[in-house]
Amino acid sequence: MKSKVMLVLFTVFFGLFLFLGIKASQTLFSGGEGSAPMTQKTRGPILLEEQQEKPAPADPFTLMIYVDDLSKPEPLLQGVWLSRSGDTQQIKLFFPLFPSQAEDGIQRDLNLRGAFWLDEPTQPSEKFLTILRDRNLSWDYIFLVDQAALGEISIILQEINPDSYQFNPTTVAGLTYRVDTREAVQENQARYIRELCGQLPLPGQNELLQRFLEGFSGHVMIYATTPLEFYQSWRGEVSCLFPTLYLAAD
């Protein structure tokens, strides 16, 4: 009899505690009867889609090479410059590579000149380009011009603008490289470039454009861009500067 009483009491109290436990858990994880359920706030990683601006394309460098005659199988190197735009497209910066400004410039000149020839299809030899790359230099375009083209360009400029440009054939002759006059040649080439830049924009340049597109009968070569795109990058007023050279005013 006593065991039956104990069994009944155990059942009653077990049911009571079970009921209270369920109600307590509902109260703990809810806002109470009739209330909206509580939301649990979690601290997880928040991924934001970054709006990264596309990097501005690096301003292209142009390797400008001047030789005596592109019609020859092995033209003689006369000058090499690395050029790029400054803060604006209207400013062009020029850095001399040949003749070199280094302390061992004469030896550098001899090495570079000895490595220059034209590979098929008529482009600078890989040995020549490798020497420049080994000097931590790089470029996007190559512009190759010879003495005949410079002479013809000068004549056209004089015809277009005779009041401000006077062509002197000895000027082109002064651009020819010689070891004993290498510093003077470097300065002459810089002055010649500056003089050509000073003629822009031209009042009428259809003839110059046409001859340029024709490659001056093989005396101008351009690599990695079109003649028209290269020509258009020099339209308008242009100032040519030489950051590593001192050029006295004419």
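Shown above is the structure to which this text applies.
Now for a look at the structure at hand. Just so it is clear, the structure is predicted and the values come from calculations on it, not from any experiment. (Residues numbered from 1 in each chain as written. Predicted model: local features only at pLDDT ≥ 70, side-chain atom pairs only at ≥ 80, totals over all residues. Heavy atoms only, no water.)

1. Section: the packing of aromatic side chains
Here is step 1 of the chain: Per the counting criterion, the structure on display carries ten aromatic pairs.
Here is step 2 of the chain: For the pair Trp-81 and Phe-242, a centre-to-centre distance of 5.8 Å together with 75 degrees between the ring planes defines the contact as edge-to-face. One end of the pair, Trp-81, is in strand 2 (residues 77-85); the other, Phe-242, is in the segment after strand 8 (239-241), and 161 residues separate them in sequence. The burial state of Trp-81 is the same as that of Phe-242; both residues are buried.
Here is step 3 of the chain: For the pair Phe-94 and Trp-234, a centre-to-centre distance of 6.1 Å together with 45 degrees between the ring planes defines the contact as tilted. One end of the pair, Phe-94, is in strand 3 (residues 91-98); the other, Trp-234, is in the loop between helix 9 (227-232) and strand 8, and 140 residues separate them in sequence. Residues Phe-94 and Trp-234 agree in their burial class; the two are buried. (Phe/Tyr/Trp six-rings, centres within 6.5 Å; stacked < 30°, edge-to-face > 60°. Helix = DSSP H or I, 4+ residues; strand = E, 2+ residues; numbered from the N terminus. Buried < 20%, exposed > 50% of the residue type's maximum accessible area, 1.4 Å probe, protein only.)

2. Digging into the environment of Tyr-246
Here is step 1 of the chain: Looking at where Tyr-246 falls in the secondary structure, it is placed in the segment after strand 8.
Here is step 2 of the chain: The spatial distance from the C-alpha of Tyr-246 to the C-alpha of Glu-187 is 8.7 Å, given a sequence separation of 59 residues.

3. Here's the deal with the environment of Pro-169
Here is step 1 of the chain: Relative to the elements of secondary structure, Pro-169 occurs in helix 5 (residues 169-173).
Here is step 2 of the chain: Sequence spacing of Pro-169 and Ser-154 is 15 residues, and the spatial spacing of their C-alpha atoms is 8.9 Å.

4. What about helix 7 (residues 206-213)?
Here is step 1 of the chain: Where helix 7 is concerned, the buried positions are Leu-208, Arg-211 and Phe-212. Seen from one end, helix 7 has its buried residues packed into an arc of 100 degrees, which puts them on one side.
Here is step 2 of the chain: Of the surrounding secondary structure, the elements contacted by the buried residues of helix 7 are strand 6 (141-146), helix 4 (147-160), helix 8 (215-218), strand 7 (220-223) and helix 9.
Here is step 3 of the chain: Once helix 7 ends, the next one or two residues include Gly-215, with phi positive near 70 degrees. (Arc of directions from axis to C-beta. Contact = heavy atoms within 4.5 Å.)

5. Brief notes about the environment of Asp-69
Here is step 1 of the chain: Along the chain, the position of Asp-69 falls in the loop between strand 1 (62-67) and strand 2.
Here is step 2 of the chain: For the pair Asp-69 and Gln-147, spaced 78 residues apart in sequence, the C-alpha separation works out to 6.4 Å.
Here is step 3 of the chain: Look past the residues within four positions of Asp-69 in its chain and what remains in contact with it is Pro-75, Asp-146 and His-219.
Here is step 4 of the chain: A polar side-chain atom of Asp-69 sits 2.7 Å from a polar atom in the side chain of Ser-71. (Polar contact = N/O pair within 3.5 Å; in protein donor to acceptor, adjacent residues only side chain to side chain.)

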